[in-house]
Every structure is written in C-alpha cells, then in structure tokens.
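As a plain string of letters, each chain reads:
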Number of protein chains: 2
Amino acid sequence: MDDLEELFVLNEGRPLPRDLLAKGERLRWAKGEHVPTRGGVYYVETGLIIVRRILLEGQSKALFVARDGHFFHDVAYAQQKQGLTEVSSLCTSVGYYFSPDMTDELLAGCAEFRRVFLYSLACKARSMGTDLVFFACLTGARRLLFIMENIADRMGGKRSDGTREVHVSQNELAEYLGLHRGSVNRLLKELESEGLIRREQGRIVLSGRGGGTGEA
Amino acid sequence: MDDLEELFVLNEGRPLPRDLLAKGERLRWAKGEHVPTRGGVYYVETGLIIVRRILLEGQSKALFVARDGHFFHDVAYAQQKQGLTEVSSLCTSVGYYFSPDMTDELLAGCAEFRRVFLYSLACKARSMGTDLVFFACLTGARRLLFIMENIADRMGGKRSDGTREVHVSQNELAEYLGLHRGSVNRLLKELESEGLIRREQGRIVLSGRGGGTGEA
C-alpha cells in the first residue's frame, strides 16, 4: 500500500475570474502529457493534474492530484525551490501559467488572486479541514478508485447502464501515477474482488457502487 | 504508533523584521499554556507551539510543531475556517498576533511579510522539500526524541556532562501533545531501551547520542 499512502486528491478549488486568467498564458495538456516545470505557478481551469515528488533514488512518489480551481507549483514558488516535482496530466486539461513576476504582481495587487492562491496552498497543508481527514482514512485501493471516478467525470465516461468507464490501461495508470505496475495490479484486483470495478481491454469499468468516496 | 504518525516539527522559519513585528500584538506564552484561537494569524518569534487537529470524537491529534519564524493559523486564515485546531505552547514562547485586517493589509502591501507568510504556509504543505521527507521516515519514538531535543534547546537544559535535560513529566508530555499517557510511556520506554534517554523524577535526560535526528 506504500506507493499510494500519501496521495490525496484536492477538492474543488476556487475559480479565478476571466480577467485574471487573461494575465496568464493559456495551456492545454493531453492525457498523460508531462508538464514542463518553469519558475512561477500554474492554475488548473479544468482537468486533473498529478504532482509527484522526485525521490533521491531517481524514482518518484505520487503526492496529490490538483483539480479545477487549484494552483500547482505554488509550494515551489513560495519556497523558491524548483525541480523537486514531476507533473503530468491525468486527462485532457486546461491551465494557465503565471510567470514569477506576474505572480508577484498579482499577489500584491489583486485580493481575488491572493485569496484563490492562499486557499490552494492551504489545501495542500497538513492541517487542512475535514476533506483530507476523510481522505486519509481511505486505503490505497479506495484512493485509486476515487482518482478513477474523477477521471471518468472529466472524460465523460458515463455509460447507458449507469456505470462509468475510464479509458486507461493498467500500464497507463501506473505510468501516470508513477507507481509500479505490480502495485496498480494489486490495487485493481482488490477493487475487483469487492465488485467495485471490472477490468476490460484498455479500460476500467466503475460499477458506481463505490459510494462514500467523496463528492466527485 | 498511530498517535504520533502524522506529527512533524517545522524547520526554522524566516525572521520578520522588527518594524513588521511591531504591527502585531506581542504575546508571551508559558510552558503548557493554551493559546486562544482568534481570527487572524500568529507568528512565533521564539519557542515551540504545538498545533493539534480537533477530531470528531472530541479528541485531538498532534499535527505539527511550529518553531521560530513560522506562522500558525495561517491555514485557517487562508481557508477562512476557524475552530478546527487546538494550540498550546511546549515551552516559554514569544509570538505576535496579527488581526485579519492587519494580515490582509500586510499581505497586500509588504513583500517581506508575504514572503515569510507564504514560506511558512508552503512548509506545511505535503509537497515540501527534503525536510519533511526526512522527518516522515522517523518512527513515533524518534519524533518524540526530536521534539524533546527541541524543547531542551529552547529551555537551555544543557548539563555539565554534555547531556541535555527536559524538565517535563510524562503526564505533561502527554497533555501537551494530546496523546494518551500509555502512548507516551511506550515511546519513552522504546527510547530508554535504546539508551537514548533516561527518565528521572519530573524530567527526562537526553543522552545526546540520538544523532541524525536533525539540525536542532
């Protein structure tokens, strides 16, 4: 369970008004695409972005998934440390890049930007409210289910029988999350044995009986 | 080990210049004193402040220890949620209280305040750098040792034979950290069996052979 034990999915963040988005550079990321890390911060308008910590041994560890209304690289910006994370997109996502100078300027001059920025940073902090406490109680398998439910919601994977499906292979999941294939296989097996998912060629079908795994 | 598993001690934060401290209300907390939680944020100039999360069952769980140069209640300020934490002082500490209006004003108008504030908030975030990764590898007992070493440093508990001592009883430790007495007893026993501490009446003597538990 160790690979996924620290991963959490941020709840929905706060929207930035259009005139503030226009101060950034609009970016579109494809499913599985790696996001180059530059100084400054990124804001997710729609989609799911996974942030992994680079470990000493050249491996990486899944940290959290940023959703709509959240920043990422805000921690690196605040600590003035770059290059400690690997970032990639779990599905088609749209975001905005704010350079360090623009971030400085907006934090100083715009209360609305500051409010959304501080909220997002605070959500990543340990002392966050009940959402993370709830999430911390989930096992690795349930976290994976939660992530897949989020992906399904973003990718419109609703089927006529009420189930949802994620068009992602086991290998892709492992690659996106930076996990070993064996770990993903084990977690998926666990979910399958509980009747929560069904694995098919190149996709995973969610039975919709997960319940209690959040507001996604 | 569950009680202490999430607790971490923040590394030294960043100093706020004197003219900015003067914008806040100076406070002095005695060892073991509870800090009233008001809206706005608190800055630790010297000392150790423990922040605990209030759990649903009326219990609390130790979250982190804020040290010199760190804010606390910054997460509550950013999320505009109060009353989720319990805060108390692990030793004689000096801090400053900034009201919500003053915090807003300083964040907007003062780059230095913003820098220290964002740094402190980022340090509490999961994606922080190597310090927390290091700390995350410590067992509950080693975390307790780390905390006691910090207390000893703050309280000048150095003895002529090179050992340090903490003038705190087992019951006080349990109370300050919000742990069960049984948990503290078990952790201390573990440290004692490793020859890292010695328990005496009303105090704990640190052998100084802990090594590797940080820069304290």
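Here the structure is a predicted model, which is why all the values come from computation and not from measurement. (Residues numbered from 1 in each chain as written. Chains lettered and ligands numbered in written order. Predicted model: local features only at pLDDT ≥ 70, side-chain atom pairs only at ≥ 80, totals over all residues. Heavy atoms only, no water.)

**Q** Where do I start with the overall build of chain A in this structure?
**A** Check the secondary structure of chain A and you find eight helices and 11 strands. Here chain A holds 216 residues, and 55% of them are scored as buried. Residue pairs in contact within chain A that sit at least 24 positions apart in sequence constitute 76% of those at least 6 positions apart. Just so you have it, chain A exposes about 8,900 Å², and 48% of that area is on carbon and sulfur atoms. (Helix = DSSP H or I, 4+ residues; strand = E, 2+ residues; numbered from the N terminus. Buried < 20%, exposed > 50% of the residue type's maximum accessible area, 1.4 Å probe, protein only. Contact = heavy atoms within 4.5 Å. Areas by Shrake-Rupley, 256 points an atom, 1.4 Å probe, with all protein chains shown as cover.)

**Q** Please explain unusual backbone geometry as it appears in this structure.
**A** Only a minority of non-glycine residues have a phi that is not negative, and only a minority of peptide bonds are not trans. Residues and elements named next belong to chain A. Here the phi dihedral of H73 falls at roughly 70°; this positive angle occurs in a residue that is not glycine. Structurally, H73 can be placed in the loop between β6 (71–72) and α2 (74–79). Taking the relative accessible area as the measure of exposure, H73 reaches 7% and is therefore buried.

**Q** Sorry if this is basic, but what is going on with the pattern of salt bridges here?
**A** Pairs can form between side chains of opposite charge once their charged atoms are near each other. Across all of its chains, the model carries 26 salt bridges over all chains by this definition. Of the charged contacts, one joins A:E194 and A:R142 as a salt bridge, the two residues approaching to 3.0 Å between their closest N and O atoms. Placement of A:E194 in the loop between α8 (181–193) and β10 (197–200) and of A:R142 in helix α6 (residues 140–155) is noted, with a sequence separation of 52 residues between them. For A:E194, a relative accessible area of 38% puts it in the partly exposed group. Between B:E192 and B:R199 there is a salt bridge; the shortest N-O distance is 3.1 Å. (Salt bridge = Lys/Arg side-chain N within 4 Å of Asp/Glu carboxyl O.)

**Q** Any chance you could explain the sheet that holds strand β8 (residues 93–98) of chain B here in plain terms?
**A** Picture the strands of a sheet paired through backbone hydrogen bonds; they go either parallel or antiparallel. Residues and elements named next belong to chain B. Strand order in the open sheet formed by four strands is β2-β8-β3-β6, with antiparallel pairing between adjacent strands. Looking along the sheet, the strands with just one partner apiece sit at the ends: β2 (25–29) and β6 (71–72). Packed onto the sheet, helix α3 (residues 100–109) meets β3 (41–46) and β8 and runs at close to 85° relative to β8. (Pairing = 2+ DSSP bridges. Axes fitted to C-alpha atoms, helices over the stretch in contact; angles between N-to-C directions.)

**Q** Please explain helix α3 (residues 100–109) of chain A as it appears in this structure.
**A** Because each turn of an α-helix spans 3.6 residues, side chains separated by three or four positions end up pointing in the same direction. All names here are of chain A. Every buried residue of α3 is accounted for by M102, T103, L106 and L107. The buried residues of α3 occupy one face: seen down the axis, they fall within an arc of 130°. Relative to its buried face, α3 has exposed residues pointing more than 90 degrees away, namely D101 and G109. (Arc of directions from axis to C-beta.)

**Q** What is the right way to read helix α7 (residues 170–177) of chain B from this model?
**A** All names here are of chain B. Of the positions making up α7, those classed as buried are L173, A174, Y176 and L177. Buried residues along α7 sit against β4 (49–54), β5 (60–66), β7 (85–89), α6 (140–155), α8 (181–193) and β11 (203–206). At the C-terminal side of α7, G178 shows a positive phi close to 70°.

**Q** Is there a simple way to explain the environment of B:G83 in this structure?
**A** Note on placement: B:G83 falls in the loop between α2 (74–79) and β7. As a C-alpha pair, B:G83 and B:T37 span 46 residues in sequence and 7.2 Å in three-dimensional space.

**Q** Help me understand the side chain of B:E165 in this model?
**A** Among the structural elements, B:E165 can be located in strand β9 (residues 164–166). Within the structure, the side chain of B:E165 is placed 2.8 Å from the side chain of B:H167, a separation counted as a polar contact. (Polar contact = N/O pair within 3.5 Å; in protein donor to acceptor, adjacent residues only side chain to side chain.)

**Q** For this particular structure, what's the right way to read the packing of α6(A) against α8(A)?
**A** The geometry of a pair of packed helices is captured by two quantities: the angle between their axes and the separation between those axes. All names here are of chain A. Contact geometry for α6 and α8: axes closest at 9 Å, N-to-C directions at 85°. Taken together, the axes of α6 and α8 lie roughly perpendicular to each other. Only L187, L188, E190 and L191 of α8 make contact with α6, whose side of the interface consists of G140, A141, R142, L144, L145 and M148. Per-class residue counts for the contact of α6 with α8 are seven nonpolar, one polar and two charged. (Parallel < 35°, antiparallel > 145°, perpendicular 65-115°, else oblique. Nonpolar A, V, L, I, M, F, W, Y, C, P; charged D, E, K, R; others polar.)

**Q** What is the right way to look at the packing of aromatic side chains in this model?
**A** Working definition: an aromatic ring pair is given by the centre-to-centre distance plus the angle between the planes. Residue and element names in this part refer to chain A. Counting across every chain of the model gives 22 aromatic pairs over all chains. An angle of 70° between the planes, with centres 5.4 Å apart, marks the rings of F71 and F113 as edge-to-face. Pair noted here: F71 is in strand β6 and F113 is in helix α4 (residues 111–123), with a separation of 42 residues, a long-range link. Just as F71 is buried, F113 falls in that class too. (Phe/Tyr/Trp six-rings, centres within 6.5 Å; stacked < 30°, edge-to-face > 60°.)

**Q** Looking at this structure, I do not really get the environment of B:E175. What am I missing?
**A** Here B:E175 is to be found in helix α7. In sequence terms B:E175 and B:G32 are 143 residues apart; their C-alpha atoms lie 8.3 Å from each other.

**Q** I would appreciate a short explanation of the nonpolar core in the present structure.
**A** Generally speaking, nonpolar side chains in soluble globular proteins are found buried as a group. Grouped together as the largest cluster of nonpolar side chains are 45 residues, with contacts concentrated most on A:F98, A:F113 and B:F113. If sequence neighbours within four positions are ignored, B:F113 has contacts with B:L16, B:L20, B:F71, B:F98, B:T103, B:L106 and B:L107. (Core = buried A, V, L, I, M, F, W, Y, C linked by side-chain atoms within 4.5 Å.)

**Q** Where do I start with the sheet that holds strand β10 (residues 197–200) of chain B in this structure?
**A** All names here are of chain B. Overall, antiparallel pairing links the three strands, which are arranged β9-β11-β10 in an open sheet. One side of each edge strand has no neighbouring strand; the edge strands of this open sheet are β9 and β10. Averaged over neighbouring strand pairs, the angle between their axes works out to 25° when direction is ignored. For β9 and β11, the ladder comprises three bridges, and the chain directions are antiparallel.

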